[in-house]
Number of protein chains: 2
Amino acid sequence: MKKSLILSPLACVCAFMVHGTSLANANNSTLENTKSPFSIAIHGGAGTIEKKNFSAEQEKNYRLKLKEAIDVGYEVLQNKGTSIDAVIAAVQVLEASPYFNAGVGAVYTYEGSHELDASIMDGNTLNAGAVSGVKTVKSPIALANAVKDHSVHVMLSGEGAEVFAKQQNLELVSNDYFDTKHRYQQLLKAKAKLEKQQKELKDFQAAHQTLDNKYKYGTVGAVALDQHGNLAAATSTGGMTVKRFGRVGDAPIIGAGTYANNASCAVSATGHGEYFIRYHVAADICARMEYQNISLEQASNKVVNDVLVEAGGSGGVIAVDAKGNIAMPFNSKGMYRASRKSGESAQVAIFKEEK
Amino acid sequence: MKKSLILSPLACVCAFMVHGTSLANANNSTLENTKSPFSIAIHGGAGTIEKKNFSAEQEKNYRLKLKEAIDVGYEVLQNKGTSIDAVIAAVQVLEASPYFNAGVGAVYTYEGSHELDASIMDGNTLNAGAVSGVKTVKSPIALANAVKDHSVHVMLSGEGAEVFAKQQNLELVSNDYFDTKHRYQQLLKAKAKLEKQQKELKDFQAAHQTLDNKYKYGTVGAVALDQHGNLAAATSTGGMTVKRFGRVGDAPIIGAGTYANNASCAVSATGHGEYFIRYHVAADICARMEYQNISLEQASNKVVNDVLVEAGGSGGVIAVDAKGNIAMPFNSKGMYRASRKSGESAQVAIFKEEK
């Protein structure tokens with residue numbers, strides 16, 4: 001496979017850049033961007049997210065973190081960085097935050113640990129990298145990117161992926177680095193409910209289906225168009241609370257949770273992953289745009305609000321096309337999201353009623 | 001997710017049926033099939049397969065095994081069985097044969113063991129099941145099918161998948177059950193070459209790229225249309241010789257190696273998996289058929305002989321549509337393949353020059 005074996009200096013900076021980045025100033029970019037539009041959108045997961053369940057303080061904290069992530073990614077694009085570097089930078093802010101189900105704050109597996117998945121795709125070359133079930137890599141999205149750039153494979157899993165991470169000198173941490181009290185409480189609640197149901201239903205699988213959707217969600221992701229006209233998409237997640245049996249969701253599946261192709265669009269998905277795999281959601285949005293000659297908004301709405309709703313698959317996507325248009329449809333009660341187009345200010349939203 | 005929790009009696013029979021099935025008699029089915037056409041196609045891998053490298057005896061053995069597999073699947077369809085049962089039955093013949101890279105005869109990993117991947121999809125319900133990195137499950141395609149029918153997840157991996165297999169009472173074997181002498185010789189040769197190159201190039205990844213394509217191929221698969229009008233696809237593989245780092249290829253990726261949708265077609269792919277993931281080959285053929293309103297032959301040829309050739313991705317697919325049309329394009333020197341339509345005799349082929 002043709003692959004660049006050398007990361008750009010900016011990529012190296014971004015791969016380890018999490019905090020401390022100054023916020024971009026939208027006004028600086030207005031002039032230059034009329035020539036080369038650029039855009040970025042991020043999500044922090046979709047689900048049963050309703051205003052009544054947030055304190056003012058909580059809501060403020062989520063919005064601030066989303067704003068920080070979108071601005072970090074925007075700044076990369078504004079400085080003529082690549083869309084790949086921008087989506088990595090934005091996702092790493094969300095991975096480092098305890099609010100979202102990726103990196104720190106990842107949900108717990110049935111056994112009480114964390115197994116992280118991530119994937120990334122370059123819309124220019126269609127190079128892609130994905131990892132599943134990693135337990136000790138601080139930034140799963142950085143590992144997915146290293147797979148894209150430095151491995152002959154597209155997807156690595158489990159301990160093998162961690163051996164590769166070590167060889168690539170990525171930062172390793174112990175699994176409890178990802179621990180948070182609120183996710184542990186979630187595990188205990190989910191497990192108690194699951195075990196009660198299991199006693200009644202005598203079947204783990206049937207019991208699992210009675211679990212509230214809030215335990216089945218949570219992903220972070222970013223999509224971007226850079227000034228060079230290239231698209232990229234990235235997704236990172238801790239997967240599903242109380243997941244078992246080495247379950248792999250849609251986040252590390254190229255075509256399901258993540259897809260990017262300059263010929264159409266870049267998509268990162270979040271929701272009930274099993275549906276997103278079966279309907280290969282990310283690639284399907286790109287395919288509909290390219291083959292049916294419809295807009296990004298039409299294609300993403302069709303898949304999220306018709307196809308997935310009909311199937312019973314709850315969730316949403318963020319998507320950007322080669323002109324910088326952004327679409328962020330979701331069929332759940334809310335989706336943590338933010339977007340910013342060149343020369344415009346950032347839009348941050350959480351609930352359904354927001355634009 | 002809506003799933004049938006009860007396997008049909010026929011599915012149970014097929015899940016453990018490997019040998020001893022009588023060959024179907026094409027003439028018996030001619031009359032009834034004019035009403036409800038059915039079709040099946042299988043592959044045993046694509047690659048640098050040339051007549052000059054086969055003894056007459058070897059070629060005969062391959063053809064006999066392909067004929068056995070296609071006839072076993074055909075018989076299921078002829079008896080009004082489901083396309084799912086037919087593709088499982090055909091794939092299990094190939095998994096049990098030492099000639100193909102799946103089940104017995106699977107290639108060796110870098111560490112000298114076998115890690116098997118498989119996936120299956122029902123074109124009627126879009127239910128799907130996939131497993132990656134399993135070491136002790138006798139029939140990986142039976143496990144993928146159990147995931148489809150009895151798990152709340154679509155994809156399970158590694159040891160977790162094996163725990164699930166045990167719970168499902170699937171037959172377990174020790175990893176050396178899959179051993180064959182010729183694959184071990186292949187491993188030694190590939191490893192020697194790899195280590196020599198690694199010393200020169202000082203880089204495993206660059207060295208891996210110098211490996212001959214014959215080490216990167218090998219998969220088995222089946223696609224079918226049954227008399228009820230339903231499509232199915234299944235793929236099973238040992239992956240890539242000397243694979244490392246928990247590499248996951250396209251075979252267990254729904255949308256890449258396997259896809260089925262009654263609205264378009266069923267596809268099983270074989271080739272250099274990394275390309276098949278990035279170009280989400282199986283789902284893309286279905287998407288082109290559905291969205292561009294082109295034939296199965298046009299869609300599969302476009303992807304295999306234009307898109308993949310341009311990208312440098314070697315391999316092929318087998319595909320069947322809802323009318324029973326079959327397409328089996330490949331861009332490599334050969335592909336082990338067979339097909340049979342209702343009321344017609346079986347076609348078995350290996351080399352490029354064969355029809």
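Please read these numbers as outputs of a predicted model, since none were measured by experiment.

Cut-offs and rules
- Per chain, the residues get numbers from 1 upward, laid out in the order the sequence is written.
- All chains are assigned letters beginning with A, and all ligands numbers beginning with 1, in the order in which they are written.
- Local features in this predicted model are restricted to residues whose pLDDT is 70 or higher, and side-chain atom pairs enter the listing and the counts only when it is 80 or higher, whereas totals over whole chains, interfaces and linings include all residues.
- Values shown for side chains rest on all heavy atoms present in the structure; no hydrogens or waters enter the calculation.
- Secondary structure is summarised from DSSP: a helix means a run of H or I of at least four residues, a strand means a run of E of at least two, and numbering begins at the N terminus for each.
- Expected helix span is computed as 1.5 Å times (number of residues minus one).
- Strands pair, by our definition, only if DSSP identifies at least two bridges between them.
- The classification of residues rests on relative accessible area computed with a 1.4 Å probe and restricted to protein chains. Under 20% of the type maximum is buried, over 50% is exposed, and intermediate values are partly exposed.
- Salt bridge, as used here, is a side-chain nitrogen of Lys or Arg placed within 4 Å of a carboxyl oxygen of Asp or Glu.
- Two residues qualify as a contact provided that any one of their heavy atoms is within 4.5 Å of a heavy atom in the partner residue.
- Helix axes are fitted to C-alpha atoms over the stretch in contact, other axes to C-alpha atoms as well, and angles between N-to-C directions run from 0 to 180 degrees.
- We place a 1 Å grid over just the protein atoms. Points where a 1.4 Å probe fits but has no way out form a cavity, open points with protein on both sides within 12 Å along at least 5 of 7 lines form a pocket, and any residue with an atom within 4 Å of a point lines it.
- Grid points are joined across faces, edges and corners, and a volume is the space filled by probe spheres set on the points.
- In the scheme used here, Gly and all other residues not listed as nonpolar or charged are polar, with Ala, Val, Leu, Ile, Met, Phe, Trp, Tyr, Cys and Pro taken as nonpolar and Asp, Glu, Lys and Arg as charged.
- Between N or O atoms, a polar contact is any pair within 3.5 Å; within protein, one atom must be a potential hydrogen donor and the other a potential acceptor, and residues adjacent in sequence are included only when both atoms are from side chains.

Caption draft 1: Seen up close, helix α3 (residues 56-78) of chain A. Here α3 of chain A spans 32 Å end to end across 23 residues, near enough to the 33 Å set by a 1.5 Å rise per residue. At the exit of α3 of chain A stands Lys-80 of chain A, carrying a positive phi of roughly 65 degrees.

Caption draft 2: Region of interest: the sheet that holds strand β9 (residues 265-271) of chain B. Residues and elements named next belong to chain B. Across the sheet, which stays open at both edges, the 4 strands sit in the order β8-β9-β10-β11 with antiparallel pairing between neighbours. Of all strands in the sheet, those bounded by a partner on one side alone are β8 (258-260) and β11 (326-327). Examined bridge by bridge, β8 and β9 share 3 bridges and lie antiparallel to one another. Bridge pairing links Tyr-259 to Val-267 in β9.

Caption draft 3: Representation of the pairing of strand β5 (residues 220-225) of chain B. All names here are of chain B. Burial of β5 is extensive: 6 of the 6 residues sit out of reach of the surface. The two faces of β5 match: Val-220, Ala-222 and Ala-224 on one face and Gly-221, Val-223 and Leu-225 on the other face are all buried. Where strand β1 (residues 39-47) and β5 come together, 5 bridges link them in antiparallel fashion. Residue Ala-41 lies in a different strand from β5, and its bridge partner there is Val-223. Alignment of β5 against strand β6 (residues 231-237), held across 6 bridges, turns out to be antiparallel.

Caption draft 4: Spotlight on the pattern of salt bridges. Residue and element names in this part refer to chain A. Counted under the stated rule, the structure contains 25 salt bridges over all chains. Among the ionic pairs, Glu-50 bridges to Lys-333, the shortest N-O distance being 3.8 Å. Placement of Glu-50 in the loop between β1 (39-47) and α3 and of Lys-333 in the loop between β11 (326-327) and β12 (334-341) is noted, with a sequence separation of 283 residues between them. Residue Glu-50 is classed as partly exposed on the basis of its relative accessible area, which comes to 24%. The exposure class of Lys-333 is partly exposed, given its relative accessible area of 46%. Across the pair Lys-51 and Glu-59 runs a salt bridge, and its minimum N-O distance is 2.9 Å.

Caption draft 5: Local environment of the sheet that holds strand β8 (residues 258-260) of chain A. Residue and element names in this part refer to chain A. Read across the sheet, 4 strands follow the order β8-β9-β10-β11 without closing on themselves; strand pairing throughout is antiparallel. Every interior strand has two partners, whereas the edge strands, β8 and β11, have only one. Two elements, strand β10 (residues 315-321) and β11, share 2 bridges in a ladder whose sense is antiparallel. Bridge assignment links Val-320 to a residue of β11, and that residue is Ile-326. Along the sheet, helix α11 (residues 296-311) makes contact with β9 (265-271), β10 and β11, crossing β10 at roughly 165 degrees.

Caption draft 6: Just the layout of surface pockets, in detail. Reported here for the largest pocket is a volume of approximately 1000 Å³. In terms of lining residues, the largest pocket is bounded by 38 residues, among which Ser-157, Gly-158 and Glu-159 of chain A together with Gly-158 and Glu-159 of chain B are the most central. Broken down by secondary-structure element, the contributors of at least two residues to the lining of the largest pocket are β3 (128-134), α6 (158-167) and β7 (247-248) of chain A together with β3 (128-134) and α6 (158-167) of chain B. Along the lines of polarity and charge, the residues of the lining of the largest pocket split into 5 nonpolar, 16 polar and 17 charged.

Caption draft 7: Highlighting the side chain of Thr-219 of chain B. Residue and element names in this part refer to chain B. Within the element layout of this structure, Thr-219 appears in the loop between α8 (204-209) and β5. Look at Thr-219 and you get buried, because its relative accessible area is 4%. Polar side-chain contacts of Thr-219 include one of 3.4 Å to the side chain of Thr-270. Leave out the neighbours within four places in its chain, and Thr-219 touches His-43, Gly-44, Gly-45, Asn-101, Thr-235, Ser-236, Thr-237, Ala-251, Ala-269, Thr-270 and Gly-271.

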